[in-house]
Amino acid sequence: MRPFNSGALAVVALLLAGSALSAQDALPEDSLGWRRQIVGQLNLSQVSFDNWAQGGENSLAWQVVGAGRFRYQQPRYRWDNSFDLNFGKTKLGGANYRKSVDDIAVASVLAYRSGTLLEPYASVALQTQFARGYRYENDVAVPISDFMDPGYLTQSVGLAWKPSESFTTRLGGALKETFTSDFPAYADDAATTNIETTRVESGLNSVTELNKEVAHNLLLASKLELFSNLDAFNQIDVNWISSVTAKVSSYVNVNFNVRVLYDRDISVARQLNQSLALGVGYTLLLD
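Remember, predicted model here, so these are calculated numbers, not experimental data.

With respect to the environment of Val 244
At step 1: Tracing the backbone through its elements, the reader meets Val 244 in strand 12 (residues 237–247).
At step 2: Residues Val 244 and Val 214, 30 residues apart in the sequence, show an inter-C-alpha distance of 9.6 Å.
At step 3: Every residue in contact with Val 244, bar those within four places of it in the chain, is listed here: Leu 218, Leu 219, Leu 220, Val 254, Asn 255 and Phe 256.

Written out as structure tokens, the structure is:
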């Protein structure tokens, strides 16, 4: 399979962001103090057969999604904190439950409100998973990952641009640490004879976020994270998460999610994960 052209992806993303910005309204008046929101969602899917002549296997799938946004704003600075949690399992026939999705993402960004087009910022972000992950070979479960194994910690300092409440982008110098324990392949340097369990990379980090209601009861959310250690343009690490949520009723949503990953240290080909779900969602806290 051909290597993933992350440079082309970045160009496409910037073009999409530019087209989205052209339709946005002027920046509204900012409110001071805390603004908080926590949203939870449960997705379920079940199929059952009893004496069904055409055949088929029973299945049960569930997924729990949680997201939180906490902003503290003052005239001279803004502090944004967020978490995104996603965990689900699937059971097919007589097999045991298998993990289908598992993500933890936590981020904190402190920006100085300079009153100019660009704002200085400092950020820290953590990505990992809840439970042990497996690769299945002839129905044999082979463990390949676990909580903080790997874990990714990225710190960045640079400049941010926030022309509206629905769009923000930032670029800065960064350190990216990869932590492992039982599965050092995620951090090991193949060029050395030692087995490293930690990798530290310096380079540039870019994060672009778009959250916009594109139509009545239809929300588009997209977050593109890029990291480059400046060794080669076609080896930029990419983590692009996009979702479209359609609100059917006060508590029922339809969600389509796509996640694109590229990290040449793990695979020379891009990784893709997509899901479509009908679920029950509830806003736990909003102010």
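Okay, back to it.
Examining the confidence of the model for the protein chain
At step 1: Summarising the model, the protein chain shows a mean pLDDT of 86, and 89% of its residues fall at 70 or more.
At step 2: Mean pLDDT values over the elements of the protein chain span from 42, in helix 1 (residues 6–21), up to 97, in strand 5 (residues 119–128).
At step 3: Here residues 1–28 is a poorly scored stretch, pLDDT under 50, and it has 42 contacts once near neighbours within four places are set aside; other chains count.

Describing the nonpolar core
At step 1: By size, the foremost hydrophobic cluster in this structure holds 7 residues: Leu 224, Leu 226, Ile 236, Val 238, Trp 240, Val 260 and Tyr 262.
At step 2: Looking at this core, the elements with two or more residues in it are strand 11 (218–228), strand 12 and strand 13 (252–262).

Focus on the pairing of strand 12
Regular strands show a simple pattern: their side chains alternate between the two faces of the sheet.
At step 1: Inspection of the sheet shows strand 11 paired to strand 12 by 10 bridges, in the antiparallel sense. In the strand pairing of strand 12, Lys 223 is matched with Ile 241.
At step 2: In the sheet, strand 12 pairs with strand 13 via 10 bridges, with the strands oriented antiparallel. Looking across to strand 13, one finds that Val 244 is bridged to Phe 256.
At step 3: Here strand 12 folds back onto strand 13, and the loop between the two strands holds 4 residues.

Points about the pattern of salt bridges
At step 1: Inspection of the entire model under this criterion finds 13 salt bridges.
At step 2: One salt bridge connects Arg 69 with Asp 84, and the closest N-O pair in it is separated by 3.1 Å. Of this pair, Arg 69 sits in strand 2 (residues 59–73) while Asp 84 sits in strand 3 (residues 77–92), and the two are 15 residues apart along the sequence.
At step 3: On the accessibility criterion, Asp 84 (31% relative accessible area) is partly exposed.
At step 4: If you follow the salt bridges from partner to partner, you end up with Arg 71, Arg 78, Asp 80, Glu 119 and Glu 165 in one network.

Remarks on the side chain of Ser 222
At step 1: Among the structural elements, Ser 222 can be located in strand 11.
At step 2: There is a polar contact of 2.9 Å between the side chain of Ser 222 and the side chain of Trp 240.

Reading the values: the criteria
Residues numbered from 1 in each chain as written. Predicted model: local features only at pLDDT ≥ 70, side-chain atom pairs only at ≥ 80, totals over all residues. Heavy atoms only, no water. Helix = DSSP H or I, 4+ residues; strand = E, 2+ residues; numbered from the N terminus. Contact = heavy atoms within 4.5 Å. pLDDT = per-residue confidence, 0-100. Core = buried A, V, L, I, M, F, W, Y, C linked by side-chain atoms within 4.5 Å. Buried < 20%, exposed > 50% of the residue type's maximum accessible area, 1.4 Å probe, protein only. Pairing = 2+ DSSP bridges. Salt bridge = Lys/Arg side-chain N within 4 Å of Asp/Glu carboxyl O. Polar contact = N/O pair within 3.5 Å; in protein donor to acceptor, adjacent residues only side chain to side chain.

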